[in-house]
Amino acid sequence: MKNELIKPKGLVKNANRRQFLKMGSLSVAAAGLIMVGCNDDIEDRGPKPGGEGVMLGSGDIGILNYAYALEQLEAAFYATVMQGSYFANASAEEKTIMGDLEKHERAHREFFKAALGNAAIADLEVDFSSIDFSSRTSVLMAAKTFEDLGVAAYNGAGQFIESVDYLLIAGKIVSVEARHAAAIRDLINPGTADFAGDDLIDANGLERTLNFTEVLTAASSFVTTPIDFSQLPS
Amino acid sequence: MNLLKLLDKMCPDTNSPEEKDLFFSRREAFRQFGDMSKKVAMAAVPLGILSALPKVAKADTASLIGVLNFALTLEHLEYRYYQMGIEAGVIDNADLAIFTKIRDHELAHVDFLKEVIANVLMGTPVPEPDFDFTAGGNFMPFSDYPTFLALSQAFEDTGVRAYKGQAGNVMENGVVLTAALAIHSVEARHASMVRRLRTKKGQDDVKGWITNASIGTLPAATQPIYAGEDNVTHGGVNVVNLTGIDAGAVAEGWDEPLSKEQVLGIASLFLA
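The shown structure was predicted, so the numbers you read here are calculated from the model rather than taken from an experiment. (Residues numbered from 1 in each chain as written. Chains lettered and ligands numbered in written order. Predicted model: local features only at pLDDT ≥ 70, side-chain atom pairs only at ≥ 80, totals over all residues.)

> Explain the overall build of chain A here, please?
Looking only at helices and strands, chain A has nine helices and two strands in total. Counting from the amino terminus, helix and strand elements in chain A follow one another as α-α-α-β-α-α-α-α-α-α-β. Every one of the 234 residues in chain A was classed for burial, and the buried ones make up 50%. In chain A, 79% of the contacts between residues at least 6 apart in sequence involve partners at least 24 apart. (Helix = DSSP H or I, 4+ residues; strand = E, 2+ residues; numbered from the N terminus. Buried ≥ 20, exposed ≤ 12 C-beta atoms within 10 Å, placed from the backbone. Contact = placed C-beta atoms within 7 Å.)

> Looking at this structure, how should I read the overall build of chain B?
Each helix and strand counted, chain B has 12 helices and two strands in total. When the elements of chain B are put in sequence order from the N terminus, they spell out α-α-α-α-α-α-α-α-α-β-β-α-α-α. Each of the 272 residues in chain B was classed as buried or not, and the buried ones make up 49%. By sequence separation, contacts in chain B at least 24 residues apart represent 66% of the contacts at least 6 residues apart.

> I tried to follow the nonpolar core on my own but got confused; where do I start?
In a soluble, globular protein the nonpolar side chains are often hidden away together inside. Formed by 139 residues in total, the largest nonpolar core has its most connected members in Tyr66(A), Leu73(A), Leu68(B) and Ala180(B). Tallying contributions element by element places helix H8 (residues 174-200) of chain B first for this core, with 14 residues. Once residues lying within four places of it in the same chain are set aside, the contact partners of Leu73(A) are Leu124(A), Val126(A), Phe146(A), Ala219(A), Phe222(A) and Val223(A). (Core = buried A, V, L, I, M, F, W, Y, C linked by C-beta atoms within 7 Å.)

> Help me understand the packing of helix H8 (residues 164-188) of chain A against H8(B), please; the structure alone is not making it clear to me.
Relative orientation of the contacting elements H8(A) and H8(B) amounts to 50°, with a least axis distance of 8 Å. Relative to H8(B), the element H8(A) is oriented oblique. Crossing hand, H8(A) versus H8(B): right-handed. In this structure, H8(A) contributes Gly171(A), Val174(A), Ser175(A), Ala178(A), Arg179(A), Ala181(A), Ala182(A), Ala183(A) and Asp186(A) to the contact, and H8(B) contributes Leu181(B), His184(B), Ser185(B), Ala188(B), Arg189(B), Ala191(B), Ser192(B), Met193(B) and Arg196(B). (Axes fitted to C-alpha atoms, helices over the stretch in contact; angles between N-to-C directions. Parallel < 35°, antiparallel > 145°, perpendicular 65-115°, else oblique. Left-handed = near helix turned anticlockwise from the far one by under 90°.)

> Is there a simple way to explain the confidence of the model for chain A in this structure?
In low-pLDDT regions, the fine details of the predicted coordinates are not to be read closely. The pLDDT averaged across chain A works out to 84; a share of 78% of its residues lies at or above 70. Throughout residues 1-51 of chain A the model reports pLDDT below 50, and contacts reaching past four residues in sequence, or to other chains, amount to 76 contacts. (pLDDT = per-residue confidence, 0-100.)

> When you look at the interface of chain B and chain A in this model, what are you seeing that I'm missing?
It is common to give the size of an interface as the accessible area that goes away when the parts come together. In this complex, chain B contributes 61 residues to the contact, which on the side of chain A involves 51 residues. When contributions to the side of chain B that touches chain A are tallied by element, the ones reaching two or more residues are helix H1 (5-9), helix H2 (17-36), helix H6 (96-120), helix H7 (145-166), H8, helix H10 (239-243) and helix H11 (247-253) of chain B. Of all the elements, H8(B) adds the most residues to the side of chain B that touches chain A, at 17 residues. Taken together, the residues of the side of chain B that touches chain A break down into 32 nonpolar, 15 polar and 14 charged. (Nonpolar A, V, L, I, M, F, W, Y, C, P; charged D, E, K, R; others polar.)

> Mind showing me how you'd approach the confidence of the model for chain B here?
Residue-level pLDDT values for chain B average 85, and 78% of them are 70 or greater. Here residues 1-16 of chain B scores under 50 on pLDDT; set against residues more than four positions off or in separate chains, the count is 33 contacts.

> Mind showing me how you'd approach H7(B) here?
Since one α-helical turn is 3.6 residues long, residues separated by three or four positions face the same way. Taking 1.5 Å of rise per residue, 22 residues should cover 32 Å, and H7(B) covers 32 Å from first to last C-alpha, within 8% of that figure. Here H7(B) lies mainly inside the structure; 19 of its 22 residues are buried. (Expected span 1.5 Å × (residues − 1).)

> Got a minute to help me understand the packing of helix H4 (residues 59-81) of chain A against helix H7 (residues 136-157) of chain A in this structure?
A packed helix pair is summarised by two numbers, namely the angle formed by the two axes and the spacing between the axes. Residues and elements named next belong to chain A. Between H4 and H7, the shortest axis-to-axis distance is 11 Å and the interhelical angle comes to 165°. Comparing their axes, H7 and H4 come out roughly antiparallel. H4 and H7 meet at a crossing whose hand is left-handed. Between H4 and H7, the contacting residues are Ile63, Tyr66, Leu70, Leu73, Glu74, Phe77 and Val81 on the first element and Val139, Ala142, Phe146, Gly150, Ala153 and Ala157 on the second. Of the residues contributing to the contact of H4 with H7, the split by class is 11 nonpolar, one polar and one charged.

> Even after reading the chapter, I still don't get the environment of Ala114(A), so can you show me in this structure?
Secondary-structure assignment places Ala114(A) in helix H6 (residues 92-116). Separated by 58 residues in sequence, Ala114(A) and Leu56(A) have C-alpha atoms that sit 15 Å apart. If we ignore the near neighbours within four places in the chain, the residues touching Ala114(A) are Val237(B) and Leu242(B).

> Explain the environment of Gln166(B) to me, please; I cannot follow it from the model alone.
All names here are of chain B. Tracing the backbone shows Gln166 in helix H7. Residue class for Gln166 comes out buried when judged on the 25 C-beta atoms lying within 10 Å of it. Sequence-distant contacts of Gln166, defined by excluding residues within four places in its chain, comprise Val67, Phe70, Ala71 and Ala180.

> Which parts of the structure should I look at to understand unusual backbone geometry?
Among all residues save glycine, negative phi is the norm, and among peptide bonds the norm is trans. Residue and element names in this part refer to chain B. Positive phi values are uncommon outside glycine, yet Met122 reaches one of about 55°. Among the secondary structure elements, Met122 is positioned in the loop between H6 and H7. Although it is not a glycine, Asn212 sits at a positive phi angle of roughly 50°.

This is how it looks when you write it as structure tokens:
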């Protein structure tokens, strides 16, 4: 099936468009470019994105860039955490965890950048203004969002990866993201089943997956660079 | 997991308006059925439509059944282990919510895999083996809580590596791959939780992630479970050299696979 560039007609019709953008659901250039599977009632085609923003590309390169974008976001987040007063005053355990996560995500980011070489997207600009880096709750909730999102993103993208080598690399990383997510959730709700909560895991014991649109829509609350993912496989 | 969302990616292979209508109404029916069935085992609902997906036709069904039966064997082991632990009363009350949830997930995995093998792939699920969780009298997990926790960590970390090792063997079937990945990350969450729990209790100094190939304070017999976890080169890129980040942290950032033979070698210690 060929991907199409379409206008999010339903969104525009059902909500105030400016408010939708203000909520940060999608950055401006990306807002007109939601990629979906086929649908029977949406036919409008939006314009191609302008020069600003990044184009993830197609095939495995596109998926690696997708992962690279998410790892950029996570790495930038933990780097900022470590400069904030929550971290400065955190318990020894939480300092260790945040320090580890910063290193892991930075390593992931640099790995993808190197693996992609010339095909790598540019550095994304992030916007963490919605996060209070002096607040334990704010930082942990954001960390939970990023880690759970990362797991769901890798799990959702796996089926589109063509190279068995890239699939294995994604598999090596996603389980570490899941380890992170469980630890962060346990810091928030210690001693409970929330580390693998029913909000994520269904009656078959399967963790949720998210598609490219869902992940990048969620991520766009924290990224100001428009991301064109219209060429990703589906 | 949003298996049903795969439906949204399917397109009617026709230009006839009538056939398109039929397609979309069927798609909606599947979706509603799936929503309705959330509280019961619904594995067969989303997976039952696999015949409509082109990727399925390419897959070698016998090979898929083999991989899923391998996974089922491990899930049997995990489920029985936690069920026996809960029945034995070895688990601290404060940790019961954690292990009840883990037990529930393992049981769900057993049921899910049996359903897929039997009713989607039309194969025969392997029966549950007889287990010996003492490994020939060496461990007493159901009377000694630290031992119970240690073996729990060993099983969860093994599970993560086992699923990872099979990803490439099911990749021709996008839905089976997605399901396997969706179990894989749940096992990783379990592993992280149990590892940290052991350290919080002063039984070990492991973190939620695996540092180098360290077994921490686990019995020496668990060494094969962590062999190779110290790898820092991925896709030909040595990430330590690339980043200057210490090797321990880089090793933590990537979990490594195990082959089916390696996993069965580990599991065989616990077969009666």
